[in-house]
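Tertiary structure, described
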Amino acid sequence: GKRRRLSTSVIYDSDESEDSDVLVRKVSAKRRSIMDDDESSEEQQPDKTCPDKTENVPTNRKQTVLAKLKELARQSSARRSCGSSNCEDSNSDTEEEPLCQLPLTPSEGSEADDGSMKDFIVEEEENNDDDDDNDSTKHVKSDNQPHQKQPNPSNISRCDHFVHFKRIVKAFLINAIDDTFLSSLYDGTRQKKYAQDMLLSLHYLDNRFIQPRLENLICRSRWKDRYKERIDCYPDVRISLKNTKNMSCQACEMKQCCKFNVLLSGRLYNGKTLEVDDFMSDDKQVLKVGVVCANRTRVYHNLKHFKYKLYMHCSSVAGLDGVEDEPVKDTVERLFSHLEESGWIQERYSELEDYMEDADNFQEEK
């Protein structure tokens, strides 16, 4: 039974017989050395695909191995199909002798195995896997590139936050002298490193420090959209205690005792370039709200308009400077050094930290 399996494992589509017994013995010995009873059924399936698969193998060594396999298959098939006594003698020789003669050495077996079609198939799969790995690596790299300029805020120290803040102050000083600077940052006109660093810091202030806290304040409130839009539009607010009225709060529209007046004023401005819109510049809004909405309005408004107020301070500093006919770069460096040495920049940053802490610690309405 074992001899029949060993011989059929190398039979594919043979149709003629030729040549010496030596090659037959090597094939039989090879099959005897690399196969056992438990694996014979597994070896048969991939071998059936050998004639078709090897056509795609580019190397001469693999083509030579394929040709030998086909030739040996033809010889073995011809000898087994022979019904005469002469053929029986030949078959018995080819089946019995390999068991005691010409056993494959480990090096011979490894060379033959390396040339087998099973190994060829594995190589194709490995190449495909390598391609997939390369594609996935490229995809991960491309996905991660935008984040190189915006590292995770959880990994940034307080010092790094302050570095962002100082860049923003310097950008505002430049824009106070050249009012096209911020707009050229956002439209991509300026591509130098210092400009890109300033743009990165502005994004940090908006998207990491301020906006997440504003969204948190809103999602936990009962404010109506109209009230929020009013708070967003007016950069100045004054909240004062007035006569108590039992009425619907004009922020959340819930009926309660309302004793605070919210006075909104100031000019509308662009949230990125900070350009001011003079339309209805003198317009004011007075709204009656309850105690919780009044406190939330103060916290929200301070954080929402902090960047604009900081820019207005920088503009005032630049406007009061009496030096003329000086390059913009020199003027900015001189003004920035003065603000830093006087502790003004640190004071403004501490103010921002207080506003962020107020937003983080604001309680839910009861």
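What comes next concerns the included structure. (Residues numbered from 1 in each chain as written. Predicted model: local features only at pLDDT ≥ 70, side-chain atom pairs only at ≥ 80, totals over all residues. Heavy atoms only, no water.)

Turning next to the packing of aromatic side chains. Within this structure, the stated rule accounts for 9 aromatic pairs. The ring of F336 is capped by K170, whose NZ or CZ atom sits 4.6 Å from the centre of that ring. Sitting above the plane of the Y204 ring, R208 keeps its charged end 5.4 Å from the centroid. (Phe/Tyr/Trp six-rings, centres within 6.5 Å; stacked < 30°, edge-to-face > 60°. Lys NZ or Arg CZ within 6 Å of the ring centre and 35° of its normal.)

We now examine the state of the cysteines. Scanning all chains against the criterion turns up 0 disulfides. We note that C293 lacks a disulfide partner, and the nearest cysteine sulfur, in C249, lies 3.7 Å from it. (Disulfide = S-S within 2.5 Å.)

Let us now look at the packing of helix α11 (residues 193-219) against helix α16 (residues 344-361). Where α11 meets α16, the axes come as close as 9 Å, and the angle between the chain directions of the two elements is 30°. The two elements α11 and α16 meet at a crossing, and its hand is left-handed. For the pair formed by α11 and α16, the contact residues are L205, F209, R213 and L217 on the first element and L352, M356, A359 and D360 on the second. (Axes fitted to C-alpha atoms, helices over the stretch in contact; angles between N-to-C directions. Helix = DSSP H or I, 4+ residues; strand = E, 2+ residues; numbered from the N terminus. Left-handed = near helix turned anticlockwise from the far one by under 90°. Contact = heavy atoms within 4.5 Å.)

It is worth spelling out the sheet that holds strand β2 (residues 255-265) at this point. Reading across the sheet, the 3 strands line up as β1-β2-β5 and stay open at both edges, with antiparallel pairing between neighbours. Each end of this open sheet is capped by a strand with a single partner; those strands are β1 (236-248) and β5 (285-289). Ignoring which end each strand starts from, the neighbouring axes of this sheet average 25° apart. (Pairing = 2+ DSSP bridges.)

Moving on, we come to helix α12 (residues 225-233). Within the span of α12, buried status applies to Y227, R230, I231 and D232. The elements touched by buried residues of α12 are β2, β5 and α13 (291-304). (Buried < 20%, exposed > 50% of the residue type's maximum accessible area, 1.4 Å probe, protein only.)

Phi at E253 is positive, roughly 65°, even though this residue is not glycine. According to the relative accessible area criterion, E253 is exposed, its value standing at 53%. Of note, the phi angle at L274 is positive, near 65°, even though the residue is not glycine. Examined against the element boundaries, L274 turns out to sit in the loop between β3 (268-269) and β4 (276-277). We classify L274 as buried; its relative accessible area is 3%.

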